[in-house]
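An overview of the molecular structure
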Amino acid sequence: FSLNLAADCNAVLKALQPIFQEQGMTETVHNWEDHGYLVTYVKKNGSFANLRIHPHGLVLVDLQSYNDHMKGREEVDQLLNKVEERMKELFHANIKRVKRLPAILRGGVIDRYWPTADGRLVEYDIDEVVYDEDSPFQNIKILHSKQFGNILILSGDVNLAESDLAYTQAIMGSGKEDYTGKEVLILGGGDGGILYEIVKLKPKMVTMVASNIDQMVIDGCKKHMRKTCGDVLDNLKGECYQVLIEDCIPVLKRYAKEGRMFDYVINDLTAVPISTSPEEDSTWEFLRLILDLSMKVLKQDGKYFTQGNCINLTDALTLYEEQLSRLYCPVEFSKETVCVPSYMELWVFYTIWKKQTDI
């Protein structure tokens, strides 16, 4: 409750006391004089409530209860309704705002809460754990969402859902590129989405280096993410593609030494680091290394596509763009902002190419 005036802490306490006492809850009051009250109410079944009254006009009620049945949830709602009614009786038109948040369900078999890249907590409509395994490298989850389909989550990071064709299209150039007869290198992309979409466009050859070196990701996706990857992960080699389960760094170095060149390099590895200390964060050094090596195997008129990060992480995105000026060859870039459904946030994608120099 946000009030338009200072709160009479003692009056609020006396007004709400009977509601909690009716529930058989034991009361403990902490009074900090100028800093208001903290009151805890504890029930014999382990349920408890915290009532925090701030003198400046903010009243907070937090209720924690173990209820795994509808009746228990109805009891919680009834108690909160009574609190809200009593507060409105006490303050009438002096309540500026009432905000009731939905319950956070903790310790459930299905985890429905995942943070966005910029640190906001999102509750997904997860109703099934489809796949949950630990590989030697990471935890691999595939969870089912009612609206997004199956979602691939690697070590707590939401990677891609079956709903997220917009992501795949953006990291391929948003339909503006002609892949017919072209040589394409994909770094990462273990979910198979990029590979599946590019193969449809009749390239000469696509080489995907699943840099996580994690066969279990591919195995999980080819079974449970088929709306994303189709059948391209069923075999590691096809008519116009091959999948290498190797570390991409040695592969890129080998290709550079051999003089092998690509029309397109698509980096679907980690997102731009959130850290704003590039000199101290080895991930920034890793990204610069990937960029340099990719430029060495990219044709002079080729294009490099990659994801950036959440549009709200402006500092991290700016630092990433600064890294582009530190490569072994001069480059230019453009960027596009796309709404990726399961991310529940706008995502930035980059197109990078070698700067053309006058002869």
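Just so it is clear, the model here is predicted, and its values are computed rather than measured.

Cut-off values and rules
Residues numbered from 1 in each chain as written. Predicted model: local features only at pLDDT ≥ 70, side-chain atom pairs only at ≥ 80, totals over all residues. Heavy atoms only, no water. Helix = DSSP H or I, 4+ residues; strand = E, 2+ residues; numbered from the N terminus. Buried < 20%, exposed > 50% of the residue type's maximum accessible area, 1.4 Å probe, protein only. Contact = heavy atoms within 4.5 Å. Pairing = 2+ DSSP bridges. Axes fitted to C-alpha atoms, helices over the stretch in contact; angles between N-to-C directions. UniProt positions renumbered as here; feature names shortened; annotations may be inferred. Polar contact = N/O pair within 3.5 Å; in protein donor to acceptor, adjacent residues only side chain to side chain. Arc of directions from axis to C-beta. Phe/Tyr/Trp six-rings, centres within 6.5 Å; stacked < 30°, edge-to-face > 60°. Domains from an automatic or database assignment. pLDDT = per-residue confidence, 0-100. Expected span 1.5 Å × (residues − 1). Bend = angle between axes of the 7 residues up to and from the residue. Core = buried A, V, L, I, M, F, W, Y, C linked by side-chain atoms within 4.5 Å.

Here we look at the overall build of the protein
Within the protein, the secondary structure is distributed over nine helices and 19 strands. Each principal axis of the C-alpha atoms in the protein carries an extent, and together these give about 80 × 45 × 35 Å. Taken across its 359 residues, the protein has 47% of its residues classed as buried. Sequence separation of 24 or more characterises 58% of the internal contacts of the protein that already satisfy a separation of 6 or more.

So, the sheet that holds strand β10 (residues 139-145)
Pairing within the open sheet is antiparallel, and its four strands lie in the order β9-β10-β11-β12. Each having just a single partner strand, β9 (126-134) and β12 (157-161) make up the two edges of the open sheet. This sheet shows a mean twist of 25° between the axes of neighbouring strands, independent of strand direction. In terms of strand pairing, β9 meets β10 through seven bridges, oriented antiparallel. Paired with Glu128 across the bridge in β10 is His144.

Topic: the sheet that holds strand β19 (residues 345-354)
Spatial strand order, β15-β14-β13-β16-β17-β19-β18: seven strands in an open sheet with mixed pairing. At either margin of the open sheet sits one strand with a lone partner, and together these are β15 (241-244) and β18 (331-340). Direction aside, neighbouring strands of the sheet carry axes that sit 15° apart on average. The sheet contact formed by strand β17 (residues 298-310) and β19 spans five bridges and is antiparallel. Following the sheet pairing, Cys310 is matched in β19 by Trp347.

Digging into the UniProt feature "active site" (unreviewed entry) in the protein
Mapped onto this structure's residue numbering, the UniProt feature "active site" (unreviewed entry) falls at Asp268. The topology assignment puts Asp268 in strand β16 (residues 262-268). Once residues lying within four places of it in the same chain are set aside, the contact partners of Asp268 are Tyr167, Ile171, Leu187, Gly188, Gly189, Asp191, Ile194 and Gln307. Of the polar contacts made by the side chain of Asp268, one reaches the side chain of Tyr167; its length is 2.5 Å.

Quick word on helix α7 (residues 248-258)
Inspection of α7 places Cys248, Ile249, Val251, Leu252 and Tyr255 among the buried residues, and these make up the whole buried set. Buried residues of α7, viewed axially, fall in a sector of 165°; they line one side. Of the exposed residues in α7, those oriented more than 90 degrees away from the buried face are Lys257 and Glu258. With a side-chain oxygen positioned 3.1 Å from the backbone nitrogen of Ile249, the residue opening α7 is Asp247. Once α7 ends, the next one or two residues include Gly259, with phi positive near 80°.

Describing the pairing of β15
Residue alternation in β15 divides its side chains into two sets, Tyr241 and Val243 and Gln242 and Leu244, and both sets are buried. Two elements, strand β14 (residues 205-209) and β15, share four bridges in a ladder whose sense is parallel. Within β15, the position partnered with Met208 by the bridge is Val243.

Quick notes on the packing of aromatic side chains
The tally for this structure, following the rule as stated, stands at 10 aromatic pairs. With 6.0 Å between their ring centres and 15° between their planes, Tyr264 and Phe305 make a pair best called stacked. On the criterion of sequence distance, the pair formed by Tyr264 in strand β16 and Phe305 in strand β17 is long-range, its members being 41 residues apart. A relative accessible area of 1% means that Phe305 is categorised as buried. Three or more aromatic residues joined by ring pairs form one cluster here, namely Tyr167, Tyr343, Trp347 and Phe349.

Brief notes about the domain arrangement of the protein
Entries for the protein in the domain assignment read domain 1 (2-97) and domain 2 (162-354). Here the C-alpha centre of domain 2 lies 52 Å away from the C-alpha centre of domain 1.

Re the confidence of the model for the protein
Predicted confidence across the protein gives a mean pLDDT of 90, with 94% of residues reaching 70 or more. Confidence, expressed as mean pLDDT per element, reaches its minimum in the protein at helix α8 (residues 282-296) with 86 and its maximum at helix α3 (residues 165-170) with 98.

A short note on helix α1 (residues 9-22)
Along its 14 residues, α1 runs 21 Å from first to last C-alpha, staying within 8% of the 20 Å computed at 1.5 Å per residue. Roughly 35° is the biggest bend found in α1, and it falls at Leu16, with proline Pro18 one to four residues downstream. Within α1, the full set of buried residues consists of Cys9, Val12, Leu13, Ala15, Leu16, Gln17, Ile19 and Phe20. A positive backbone phi angle near 75° is found at Gly24, which sits one or two residues after α1.

What to know about the nonpolar core
Grouped together as the largest cluster of nonpolar side chains are 49 residues, with contacts concentrated most on Ile198 and Ile266. Sort the elements by how many residues they give to this core and strand β11 (residues 149-154) lands first, with four residues.

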